[in-house]
Amino acid sequence: MIKIDKTNINNLEKRDRIRLINSLTGVKSVNLIGTQSVEDTKNLSIVSSLFHLGADPALFGFVIRPDVVPRDTLINLRSHPYFTVNHVNEDIIERAHQTSARYKAEECEFERCDLNPEYLNNHPAPFVKESNIKFAAKMIREIKIDENGTHIIICEVLCIHIDEHLLGDDYLINIVGANSIGANGLDEYLKITSLGRLDYAKPNKAIKWV
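Residues numbered from 1 in each chain as written. Predicted model: local features only at pLDDT ≥ 70, side-chain atom pairs only at ≥ 80, totals over all residues. Heavy atoms only, no water.

(A) Local environment of the overall build of the protein. Scanning the protein from N- to C-terminus turns up five helices and twelve strands. Scaling as 2.2 N^0.38, a compact globule of 210 residues should have a C-alpha radius of gyration of about 17 Å, and the protein matches this with 19 Å. Within the protein, buried positions represent 33% of all 210 residues. Separation of charge centres in the protein, based on 25 positive and 29 negative side chains, amounts to 6 Å. (Helix = DSSP H or I, 4+ residues; strand = E, 2+ residues; numbered from the N terminus. Rg over C-alpha atoms; globule rule 2.2 N^0.38 Å. Buried < 20%, exposed > 50% of the residue type's maximum accessible area, 1.4 Å probe, protein only. Lys, Arg positive; Asp, Glu negative; His and termini not counted. Charge placed at Lys NZ, Arg CZ, Asp CG, Glu CD.)

Now the structure itself:
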């Protein structure tokens, strides 16, 4: 194995350092965040930083990069805290990736990236019609990270929209059946397969596949 220490990391060319550190944490989920501006412009942003915070209450978070340049998603959330999270699937990878382009605030990523908005359950932010697993959410807190200027967005789950056949009897979501994808780094997309499920771990009990 090679060793890459802190000095080596800091001496890397910027893009190489970004690729290295972004891929270091492994496979991430890929989602489209749907927001709406005060001028009613629909916005989409591809995000691979969602993380689970707890189930009671149902909380999650994600990271937005420093706002040294305008971040439409962050601007929209500060004025209109309701938004949507939409799993990216294999059928829309290219279109979802295109939302990372630097469009102007008045441009609608749905239109520019050939994705269709839909409004469900009277939620005031647009969902991605092509997504097979999606949920409504509300920002409840923004945390500024002083060390690098990023923003952690703390959110609550309001309503989940999912095809019935993708929800197991024990409420485990079948992300493989939904063709949801993963990401390595910023631009490598991964197909997800299941290796199976293991039973609940207990001391002095052999682990079994179930």
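(B) Looking closely at the environment of Asn10. One can find Asn10 in helix 1 (residues 6-11). Along the backbone, Asn10 and Glu111 are 101 residues apart, and their C-alpha atoms lie at a distance of 40 Å.

(C) Up close: helix 3 (residues 72-79). Along helix 3, the residues classified as buried are Asp72, Thr73, Leu74, Asn76 and Leu77. Taken together, the buried residues of helix 3 touch strand 2 (31-36), strand 3 (42-47), strand 5 (58-64), strand 6 (82-87), strand 9 (133-144) and strand 10 (151-162). (Contact = heavy atoms within 4.5 Å.)

(D) Local environment of the pairing of strand 4 (residues 51-55). In this sheet, strand 5 lies alongside strand 4 in antiparallel orientation, the contact comprising four bridges. Within the sheet, the bridge partner assigned to Phe51 lies in strand 5 and is Gly61. Between strand 4 and strand 5, which pair antiparallel one after the other, the connecting turn spans two residues. (Pairing = 2+ DSSP bridges.)

(E) Up close: the side chain of Thr150. Among the secondary structure elements, Thr150 is positioned in the loop between strand 9 and strand 10. Residue class for Thr150 comes out buried when judged on its relative accessible area of 13%. Side chain to side chain, Thr150 and Asn148 meet in a polar contact 2.7 Å long. In this view, Thr150 contacts Val63, Ile64, Arg65, Pro66, Ile143, Lys144 and Ile145; residues no more than four positions away in its chain are not counted. (Polar contact = N/O pair within 3.5 Å; in protein donor to acceptor, adjacent residues only side chain to side chain.)

(F) Here's a closer look at the pattern of salt bridges. The final tally for this structure, using the stated rule, is eight salt bridges. Between Arg78 and Asp67 there is a salt bridge whose closest N-O contact spans 3.4 Å. Of this pair, Arg78 sits in helix 3 while Asp67 sits in the loop between strand 5 and helix 3, and the two are eleven residues apart along the sequence. For Arg78, a relative accessible area of 45% translates into the label partly exposed. On the basis of relative accessible area, Asp67 is assigned to the partly exposed category, the value being 33%. With a closest N to O distance of 2.7 Å, Glu118 and Lys134 form a salt bridge. One end of the pair, Glu118, is in strand 7 (residues 117-118); the other, Lys134, is in strand 9, and 16 residues separate them in sequence. Across this residue pair, the class does not change: Glu118 and Lys134 are buried. (Salt bridge = Lys/Arg side-chain N within 4 Å of Asp/Glu carboxyl O.)

(G) Main features of helix 2 (residues 14-24). For helix 2, the side-chain oxygen to backbone nitrogen distance between the N-cap and Arg15 is 3.0 Å, and the N-cap itself is Glu13. A positive phi of about 90° marks Gly26, the residue just after helix 2.

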